[in-house]
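Below are the chains, spelled out letter by letter.
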Amino acid sequence: QVRLEESGGELVQAGHSLRLSCATSGLTFNTYTMAWFRQAPGKEPELVARLELGGRSTYYASSIEGRFTLSRDNAKNTMYLQMNSLKPEDTATYYCAAARGLSPNFDYWGQGTQVTVSS
């Protein structure tokens, strides 16, 4: 059974950094596409970053490119999102998600972790 659990969200000031973690079980990164999504109140969910099959390719949304970096630790079965130069518009609930292979459908989701960036 695939399980995802996010952590690391908190209240920070603009310009500061945070690292989110997504602890996984029941999957191997090489056979799944992993992603971070975020959703701000009143807005549609946004794909922030995606890692295909353990690193075959990586995608970053233009809104965060150059500031956020997705990485993984295979030994710990954990994916990370390093977020630098945070802006108030980065405020959202961040979700970790997983899809089998290269499927565009993310079947597995964590419960989310709240990131709040104050100006």
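Heads up: the structure comes first, above all this text.
These numbers were taken from a predicted model, which means no experiment stands behind them. (Residues numbered from 1 in each chain as written. Predicted model: local features only at pLDDT ≥ 70, side-chain atom pairs only at ≥ 80, totals over all residues. Heavy atoms only, no water.)

Asks: What should I look at first to understand the pairing of strand β7 (residues 68-73) in this one?
Replies: As a general feature of sheets, a regular strand has side chains that alternate between the two faces. Bridging between β7 and strand β8 (residues 78-83) involves six bridges; their strand directions are antiparallel. Paired with F68 across the bridge in β8 is M83. Hairpin connection, β7 to β8: the antiparallel pair is bridged by four residues, and N77 has positive phi, about 55 degrees. (Pairing = 2+ DSSP bridges. Helix = DSSP H or I, 4+ residues; strand = E, 2+ residues; numbered from the N terminus.)

Asks: Even after reading the chapter, I still don't get the side chain of R38, so can you show me in this structure?
Replies: Note that R38 resides in strand β4 (residues 32-39). For R38, a relative accessible area of 6% puts it in the buried group. Looking at R38, its side chain comes within polar contact range of the side chain of S63, at 3.5 Å. Separated by 2.9 Å, the side chains of R38 and D90 make a polar contact. Discounting residues that sit within four places of it in the chain, R38 has contacts with E44, P45, E46, V48, S63, I64, F68, E89, D90, A92, T93 and Y94. (Buried < 20%, exposed > 50% of the residue type's maximum accessible area, 1.4 Å probe, protein only. Polar contact = N/O pair within 3.5 Å; in protein donor to acceptor, adjacent residues only side chain to side chain. Contact = heavy atoms within 4.5 Å.)

Asks: What exactly am I supposed to notice about the packing of aromatic side chains here?
Replies: What characterises a pair of aromatic rings is the spacing of the ring centres plus the angle enclosed by the ring planes. On inspection of all chains with the given rule, the structure shows five aromatic pairs. Look at F37 and F106: their rings are 5.3 Å apart centre to centre, the planes differ by 80 degrees, and that puts the pair in the edge-to-face class. Note that F37 is positioned in strand β4 and F106 in the loop between β9 (92-100) and β10 (108-109), a separation of 69 residues in sequence. Here F37 and F106 have matching classes, each one buried. Ring centres of F37 and W109 lie 4.8 Å apart, and the angle between their planes is 45 degrees; this geometry places the pair in the tilted category. Of this pair, F37 sits in strand β4 while W109 is found in strand β10, placing the two residues 72 residues apart along the sequence. Residue class for F37 comes out buried when judged on its relative accessible area of 12%. The class for W109 is partly exposed, based on a relative accessible area of 42%. Looking at R19, its charged tip hangs above the ring of Y80, at a distance of 4.1 Å from the centre. (Phe/Tyr/Trp six-rings, centres within 6.5 Å; stacked < 30°, edge-to-face > 60°. Lys NZ or Arg CZ within 6 Å of the ring centre and 35° of its normal.)

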